[in-house]
Amino acid sequence: MGEIKSYKDLLIWQKGIKIVCLVYQLVKSFPQEELYALSSQLKRASVSIPSNIAEGYGRNTDKSFSHFLDISRGSLFEIETQLLIANELGFITSKTLYTEILSQIEEESKMINAFSKTLKN
């Protein structure tokens, strides 16, 4: 990869955006009564991933960036938990999309962990 000129060049940010899009696609099929409940929580948590990566990047210190990466990773676990709940409640209509999001979450978590370790060293 070339030089990092912006947070938008970071693969972890790009994957975060992809997760947001997948989550928004998935919750479209949730029951209407979940619009301001689980749907809303999933959307907010997903948006938090790339947002915190961008904010951390903008802080200009490795320690601060690492802190915001930890928040992003926490949001990944939040989304994973909420997806498992939605599945248990029968809200998931596309198992393919559900599986894809869980796979993306796992990959993003590993990428954030690796990136965070480089900042701490």
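Residues numbered from 1 in each chain as written. Predicted model: local features only at pLDDT ≥ 70, side-chain atom pairs only at ≥ 80, totals over all residues. Heavy atoms only, no water.

(A) A look at helix 2 (residues 38-58). Its 21 residues give helix 2 an end-to-end C-alpha distance of 30 Å, which sits within 8% of 30 Å, the value for a rise of 1.5 Å per residue. In the structure, helix 2 departs most strongly from a straight axis at Ile-49, where the bend amounts to approximately 30 degrees and where the proline Pro-50 lies between one and four residues downstream. Where helix 2 is concerned, the buried positions are Leu-38, Ser-39, Leu-42, Ala-45, Ser-46, Ser-48, Ile-49, Pro-50, Asn-52, Ile-53, Ala-54 and Gly-56. Contacts made by the buried residues of helix 2 are with helix 1 (11-27), helix 3 (62-88) and helix 4 (95-120). Two residues or fewer past helix 2, Asn-60 is found with a positive phi of approximately 65 degrees. (Helix = DSSP H or I, 4+ residues; strand = E, 2+ residues; numbered from the N terminus. Expected span 1.5 Å × (residues − 1). Bend = angle between axes of the 7 residues up to and from the residue. Buried < 20%, exposed > 50% of the residue type's maximum accessible area, 1.4 Å probe, protein only. Contact = heavy atoms within 4.5 Å.)

(B) Region of interest: the packing of aromatic side chains. What the rule picks out here adds up to five aromatic pairs. Feature note: the residues Tyr-7, Trp-13, Tyr-57, Phe-65 and Phe-115 constitute an aromatic cluster, connected by ring pairs. The ring of Tyr-98 is capped by Lys-95, whose NZ or CZ atom sits 5.7 Å from the centre of that ring. (Phe/Tyr/Trp six-rings, centres within 6.5 Å; stacked < 30°, edge-to-face > 60°. Lys NZ or Arg CZ within 6 Å of the ring centre and 35° of its normal.)

(C) Seen up close, unusual backbone geometry. Positioned with a positive phi, Asn-60 is a non-glycine residue whose angle comes to about 65 degrees. By the element assignment, Asn-60 lies in the loop between helix 2 and helix 3.

(D) Representation of the nonpolar core within the structure. Of all hydrophobic cores here, the largest spans 29 residues; its most connected members are Phe-30, Leu-42, Ile-53, Ile-79, Leu-83 and Ile-101. Those elements that provide at least two residues to this core are helix 1, helix 2, helix 3 and helix 4. In terms of residue count, the dominant contributor to this core is helix 1 (seven residues). (Core = buried A, V, L, I, M, F, W, Y, C linked by side-chain atoms within 4.5 Å.)

(E) The pattern of salt bridges, seen in detail. Under the definition given, this model contains five salt bridges. Two residues, Glu-100 and Lys-18, come together in a salt bridge whose shortest N-O distance is 3.9 Å. Of this pair, Glu-100 sits in helix 4 while Lys-18 sits in helix 1, placing them 82 residues apart in sequence. The class for Lys-18 is partly exposed, based on a relative accessible area of 39%. For Lys-110, the salt bridge goes to Glu-106, with nearest N and O atoms at 3.4 Å. Remark: Glu-106 and Lys-110 occur in helix 4; sequence separation between them is four residues, near one turn of the helix. Overall, the relative accessible area of 46% leaves Glu-106 in the partly exposed class. (Salt bridge = Lys/Arg side-chain N within 4 Å of Asp/Glu carboxyl O.)

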